[in-house]
Amino acid sequence: MTHLRLDRVTAYYGHLQALQELSLEVDQGEILAVIGANGAGKSTLLSLISGEQAPREGRVFFDDIDITSLAPHQRVRKGIALVPEGRHLFGTLSVEDNLRSGASTRRRGTWDLDAVYELFPFIAARRKHRAAVLSGGEQQAVAIGRALMSNPSLLLLDEVSLGLAPVIIRDLYAALQRITAEGTTLLVVEQNITEALAAANYAICLLEGRVVLEGKPDTLSQRAISQAYFGHDLGPSSKAAS
Amino acid sequence: MIWLNAVVQGLLLGGLYAIFACGLSLMFGVMRLVNLAHGDIGVLAAYFSIILIEHLGGNPLWTFAAVVPVAALVGYFLQRFLFDRALDGGELSPLLVTFGLSIVIENLLQQTFGANDQSLNIGALSYQSWKIATDVYVGRLNVIIFVIAVIVIVGLQLFLSKTRTGLALRATADNRRAASLSGINPKRTRSIATAIALATVAIGGLFLAMRTSFAPTSGSSDLLFAFEAVIIGGLGNLWGTLIGGIALGIAQTVGSQINAADGILIGDLVFLAILAFRPQGLVGLKSEVAR
Ligand SMILES: Nc1ncnc2c1ncn2[C@@H]1O[C@H](COP(=O)(O)OP(=O)(O)OP(=O)(O)O)[C@@H](O)[C@H]1O
Ligand SMILES: [Mg+2]
């Protein structure tokens, strides 16, 4: 069954078209990497899935149910959680309250406080601290943990590795592997393509709001990727999507 | 002794200001909305109590049980059907809408009850007092108001820190976007905040009406004092609001002791001084460990 399906969605900011008739399917348990340069439309794509923005045209389906008109909190209840770009923690709240607030929908599943602390042992020691005083890596772990607390079946991650040291990025991606082992579907948006492609079993590359390259990561050549990424004369190995 | 007396009376008065202020502060924190009708709603609650006593009789104290739940209910739906729409309309519309509501309430009260002063007569309680030192007497009602104020603030603090709904309110106050991404229903959260705000300001309105006389336009000065208490104490901090209310109360009573007509002016000056020299308020927490 298709877990998530976008059917020819478009999105605009004023006159600027950020997504152009984009279609997408993600199966249960898949790890999809969405890559693309600055301003390619990656975050906009996620906002249509998380419900922060409604597409101007097209529909969004989740488990074959049309969720296009649902608000973000209603989609969390259905099992879609977003770790937003820039983390957006509750800076004045403690780490533990940040995590707890992720559980406000009371969806059942494997994730609770203990499981999150086990996944990220280094934030357990900081549970009483205000989230604002944590390091970047700790904050990112809390942001992922908060999303997990809603026991999502689809987890959306926007630029998880942005501004973090390589060792920390490796730890976070190792944690993502453990999350998918629980059956969670992942959609990973990255500019740091190495990590994302290594983790994913399918990848799409966005350019100016459309899919310009897609396929299993190991079938995509470096050259095709960099051409799709930067948009210079698209080579023969890339196929423009629908 | 007259100074001690002034400080004690100011402290007690500050409790009342804190009751008025906590709802204003909560609504501002959760939705960045300054409710300019806040004081008028307190006065409206007092008139509601007067109507109840006229028709049903008894000591006004019982009307708390009716007025406060009604205020909470009204708050819930006022948010849903008026304030939420105003919030969607940009920066200015919440101010315009709540200012309009303030005018509507004042005019409605003028029309219905006239401009005369009224008060809620609670019998002997209004003049009984305790002697706590030579020449220092505290009115029983004032002590009761202060104790209730502390209970309201402590209760609200516990509610915010210990319950799921309280967590949702704090999260929404901190980051609205992240709150809805965490599955918190923003409409419901805002409605609960306004329900609490109206319930508390109704308590304040009734106490004020028992303490002094009031008129349809009394709401504006109540709003001003509440606003000053919030700023003096520090935004987004209930203990701060209590401290702010007390500081304002003491400034006013000590000011009146210096010169009978200057009490409120001195309160305003303290408020301005805080705004100028300590804009984060008296209780501006900045510790590593979360509250
Ligand atoms: N709030 C906004 N208002 C106006 N234009 C916007 C807004 N958000 C995004 N855009 C524009 O829409 C386009 C797509 O932006 P989006 O944020 O989706 O890109 P992105 O791929 O996530 O980029 P980045 O890698 O920098 O995060 C860009 O041209 C961007 O400038
Ligand atoms: Mg982005």
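Residues numbered from 1 in each chain as written. Chains lettered and ligands numbered in written order. Predicted model: local features only at pLDDT ≥ 70, side-chain atom pairs only at ≥ 80, totals over all residues. Heavy atoms only, no water.

As for the coordination of the magnesium ion (ligand 2)
All names here are of chain A.
And step 1. Coordination sphere of the magnesium ion (ligand 2), protein contribution only: Ser-43 (OG) and Glu-85 (OE), at 1.9 to 2.3 Å. Of this pair, Ser-43 sits in helix H1 (residues 42-50) while Glu-85 sits in the loop between strand E6 (80-83) and helix H3 (95-101), and the two are 42 residues apart along the sequence.
And step 2. On the basis of relative accessible area, Glu-85 is assigned to the partly exposed category, the value being 33%. (Donors = N, O, S within 2.8 Å, 3.2 Å for Na, K, Ca; no water. Helix = DSSP H or I, 4+ residues; strand = E, 2+ residues; numbered from the N terminus. Buried < 20%, exposed > 50% of the residue type's maximum accessible area, 1.4 Å probe, protein only.)

Describing helix H3 (residues 64-88) of chain B
All names here are of chain B.
And step 1. Over its 25 residues, H3 runs 34 Å from end to end, which matches the ideal 36 Å to within 8%, given 1.5 Å per residue.
And step 2. A bend of about 45° at Gln-79 is the largest found in H3.
And step 3. Restricting attention to buried positions, one finds in H3 the residues Phe-64, Val-67, Val-68, Ala-71, Gly-75, Leu-78, Gln-79, Phe-83, Asp-84 and Ala-86.
And step 4. Where the residues of H3 are buried, they touch helix H1 (2-31), helix H2 (38-56), helix H4 (93-113) and helix H8 (186-211).
And step 5. Note on H3: the residue one or two positions beyond its end, Gly-90, has a positive phi of about 100°. (Expected span 1.5 Å × (residues − 1). Bend = angle between axes of the 7 residues up to and from the residue. Contact = heavy atoms within 4.5 Å.)

Some remarks on the packing of aromatic side chains
And step 1. Applying the stated criterion to the full structure yields nine aromatic pairs over all chains.
And step 2. Relative to B:Phe225, the ring of B:Tyr17 has its centre 5.0 Å away and its plane inclined at 50°; by these criteria the two rings are tilted. Of this pair, B:Tyr17 sits in helix H1 while B:Phe225 sits in helix H9 (residues 219-233), placing them 208 residues apart in sequence.
And step 3. For B:Tyr17, a relative accessible area of 7% gives the class buried.
And step 4. For A:Arg56, the ring lying beneath its charged end belongs to A:Tyr12, and the centroid distance is 3.8 Å. (Phe/Tyr/Trp six-rings, centres within 6.5 Å; stacked < 30°, edge-to-face > 60°. Lys NZ or Arg CZ within 6 Å of the ring centre and 35° of its normal.)

A closer look at the pattern of salt bridges
And step 1. All told, the structure shown has 10 salt bridges over all chains when counted by the stated rule.
And step 2. Between A:Asp97 and A:Arg100 there is a salt bridge, and its shortest N-O distance comes to 3.1 Å. Separated by three residues within a single helix, A:Asp97 and A:Arg100 lie in helix H3, roughly one turn from each other.
And step 3. Note that A:Arg178 and A:Glu118 form a salt bridge whose closest N and O atoms lie 3.8 Å from each other. Here the residue A:Arg178 occupies a position in helix H7 (residues 166-181), and A:Glu118 occupies one in helix H4 (residues 113-119), the gap between them amounting to 60 residues.
And step 4. The class of A:Arg178 is partly exposed, set by a relative accessible area of 43%.
And step 5. In this structure, a network of salt bridges that share partners links the residues A:Glu96, A:Asp97, A:Arg100, A:Arg127 and B:Arg170. (Salt bridge = Lys/Arg side-chain N within 4 Å of Asp/Glu carboxyl O.)

Description of the sheet that holds strand E3 (residues 31-36) of chain A
All names here are of chain A.
And step 1. In spatial order, the strands read E6-E7-E8-E3-E9-E10; together these six strands make up an open sheet with mixed pairing. Two strands in the sheet have a free side with no partner beyond their single neighbour: E6 and strand E10 (210-215). Sheet twist, expressed as the mean angle between neighbouring strand axes with direction ignored, is 20°.
And step 2. Bridge analysis of strand E7 (residues 154-158) against strand E8 (residues 185-190) gives five bridges, and the strand direction is parallel. Across the sheet, residue Leu-157 finds its bridge partner in E8, namely Val-188.
And step 3. Across the sheet, H1 is in contact with E3, E6, E7, E8 and strand E9 (202-207); its angle to E7 comes to roughly 150°. (Pairing = 2+ DSSP bridges. Axes fitted to C-alpha atoms, helices over the stretch in contact; angles between N-to-C directions.)

Section: the sheet that holds strand E2 (residues 16-27) of chain A
Strand-to-strand pairing in sheets goes through backbone hydrogen bonds, with the strands running parallel or antiparallel.
All names here are of chain A.
And step 1. Sheet architecture is open: four strands sit in the order E2-E1-E4-E5, paired in antiparallel fashion. Since the sheet does not close on itself, it has two edges, and those belong to E2 and strand E5 (65-66), each with one partner.
And step 2. As paired elements, strand E1 (residues 2-13) and strand E4 (residues 57-62) share five bridges and run antiparallel to each other. What sits directly across from Leu-4, in E4, is Phe-62.
And step 3. Those strands touched by H1 are E1, E2 and E4, and its axis lies near 120° from that of E1.

Quick word on the site of ligand 1
Residues and elements named next belong to chain A.
And step 1. Taken together, the neighbourhood of ligand 1 is formed by 14 residues, with Asn-38, Lys-42, Ser-43, Thr-44 and Gln-191 sitting nearest.
And step 2. Taking Thr-44, its side chain carries an N or O atom lying 2.4 Å from an oxygen atom of ligand 1.
And step 3. Glu-85 is positioned with one of its side-chain polar atoms (N or O) 3.1 Å from an oxygen atom of ligand 1.
And step 4. About the coverage of ligand 1: the protein hides 60% of its 630 Å² of free accessible area.
And step 5. Of all elements in the fold, only E2 and H1 reach the threshold of two or more residues within the shell around ligand 1.
And step 6. The element best represented in the shell around ligand 1 is H1, accounting for three residues.
And step 7. Residues that form the shell around ligand 1 fall into these classes: five nonpolar, six polar and three charged. (Near = heavy atom within 4 Å. Polar contact = N/O pair within 3.5 Å; in protein donor to acceptor, adjacent residues only side chain to side chain. Areas by Shrake-Rupley, 256 points an atom, 1.4 Å probe, with all protein chains shown as cover. Nonpolar A, V, L, I, M, F, W, Y, C, P; charged D, E, K, R; others polar.)

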